[in-house]
Amino acid sequence: MNGIKTETFIPNKESRLKIRHELKIPLDGYVIGHVARITPWKGQDLLLKAFINYSRQNTNAYLLLIGAPLFDNNHYSNSIIKIIESHSLMHRVIMPGYRNDLQAMYSAMDLFLYPPIEKDTSPLALLSAISSGLPVGVSNIDCLTEIVDKCNDIDIFNPKKLDEMSALMKKYENDEIRKKIGLLNREAGKNNFDISIHGQKFQRIIEQNRKGI
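Owing to the predicted nature of the structure, the values given are computational and were not obtained by experimental measurement.

What counts, and at which threshold
- Position numbers for residues start from 1 in each chain and track the written sequence from start to end.
- Where local features are concerned, this predicted model is filtered to residues with pLDDT of at least 70; where side-chain atom pairs are given and counted, the filter is 80 or more; whole-chain, interface and lining totals use all residues.
- To obtain the side-chain values, all non-hydrogen atoms of the structure were used and water was disregarded.
- Simply put, an axis is a line fit to the C-alpha atoms, just over the touching stretch for a helix, and the angle between two N-to-C directions goes from 0 to 180 degrees.
- Only DSSP runs of H or I covering at least 4 residues are called helices, and only runs of E covering at least 2 are called strands; the numbering of each starts at the N terminus.
- Geometric relationships in this document are graded by angle, where less than 35 degrees denotes roughly parallel, more than 145 denotes roughly antiparallel, 65 to 115 denotes roughly perpendicular, and other angles denote oblique.
- By the convention used here, residues are in contact when the closest approach between their heavy atoms is within 4.5 Å.
- When residues are sorted by character, Ala, Val, Leu, Ile, Met, Phe, Trp, Tyr, Cys and Pro go into the nonpolar class, Asp, Glu, Lys and Arg into the charged class, and all the rest, Gly among them, into the polar class.
- Should DSSP find at least two bridges between two strands, the strands are taken to pair.
- Relative accessibility thresholds used throughout: buried, under 20% of the residue-type maximum; exposed, over 50%; partly exposed, between the two (1.4 Å probe, protein chains only).
- With its strands directed away from the observer, a crossover is right-handed exactly when the path from the first strand over the helix to the second travels clockwise.

## What about the packing of helix 5 (residues 124-131) against helix 8 (residues 175-193)?
Then, number 1: Interhelical geometry of helix 5 versus helix 8 gives an angle of 125° and a closest axis separation of 7 Å. Comparing the axis directions of helix 5 and helix 8 gives the class oblique. Taken together, the residues of helix 8 that come into contact with helix 5 (itself represented by Leu127, Ile130 and Ser131) are Asn185, Arg186, Gly189 and Phe193.
Then, number 2: Residue classes in the contact of helix 5 with helix 8 are distributed as 3 nonpolar, 3 polar and 1 charged.

## Structural notes on unusual backbone geometry
Then, number 1: The phi dihedral of serine 88 is positive, around 50°, even though this residue is not glycine.
Then, number 2: Looking at where serine 88 falls in the secondary structure, it is placed in the loop between helix 3 (75-86) and strand 3 (93-97).

## Some thoughts on the sheet that holds strand 2 (residues 61-66)
Backbone-to-backbone hydrogen bonds join strands into a sheet, with any given pair of strands oriented parallel or antiparallel.
Then, number 1: Read from one edge of the open sheet, 6 strands run 3-2-1-4-5-6, paired in parallel fashion. At either margin of the open sheet sits one strand with a lone partner, and together these are strand 3 and strand 6 (155-157). Strand after strand, the sheet turns through a mean of 25° between neighbouring axes, direction not considered.
Then, number 2: For strand 5 (residues 136-139) and strand 6, the ladder comprises 3 bridges, and the chain directions are parallel. From the neighbouring strand, valine 138 faces strand 6, where its bridge partner is isoleucine 156.

## Observations concerning the pairing of strand 1 (residues 30-35)
Two faces, one strand: in a regular strand the side chains alternate between the faces of the sheet.
Then, number 1: Most of strand 1 is tucked away: 6 of the 6 residues are buried.
Then, number 2: Alternating positions in strand 1 separate into two faces, Tyr30, Ile32 and His34 on one and Val31, Gly33 and Val35 on the other, with burial throughout.
Then, number 3: Where strand 1 and strand 2 come together, 6 bridges link them in parallel fashion. What sits directly across from histidine 34, in strand 2, is leucine 65.
Then, number 4: With helix 2 (residues 44-55) bridging strand 1 and its parallel neighbour strand 2, the resulting β-α-β unit is right-handed.
Then, number 5: In this sheet, strand 4 (residues 111-114) lies alongside strand 1 in parallel orientation, the contact comprising 2 bridges. In the strand pairing of strand 4, glycine 33 is matched with phenylalanine 112.

Given below as structure tokens:
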């Protein structure tokens, strides 16, 4: 699996306030976030539809879709924008495009949902969200099993069952639950995905190979 510098993603209150101010999100708003290239197999359209259903019961909820259609045309991205416009949710579904200040973007979120529908092995965006101390929900596709097995407090959902995603949005309205699960996820991220852990594993392999020569 990929390794990351988990200390890079320590949540920061100043960053949270700055991003919410920039994106015109209320400080008390409930922000559901996602980071990925805007492409069909990442499932942003399904996440959006689940949010539309959920948004009717929580008018203080916001969806933050970060990413750009790199290597793709704009057809899928434009289709998402049309759905947003057709439901008059332009002020509550925010698409800031590609960002390189991901620590700040994660800090602005309250929940991270990752709904790919096809193979997506060890995605950095997901590992970063876990290490940022966010509650996290992921698709039940096989290739994410390795991550889920190392993070016992990640929620799993069927991306094609919108009510399962909506239920997670409802679940994490509770600030105490968010903080509790977020801390557990951050600890799991540090223990399993930090680049130093990978360095130690490589060192052990090198040493074992030397002994075998």
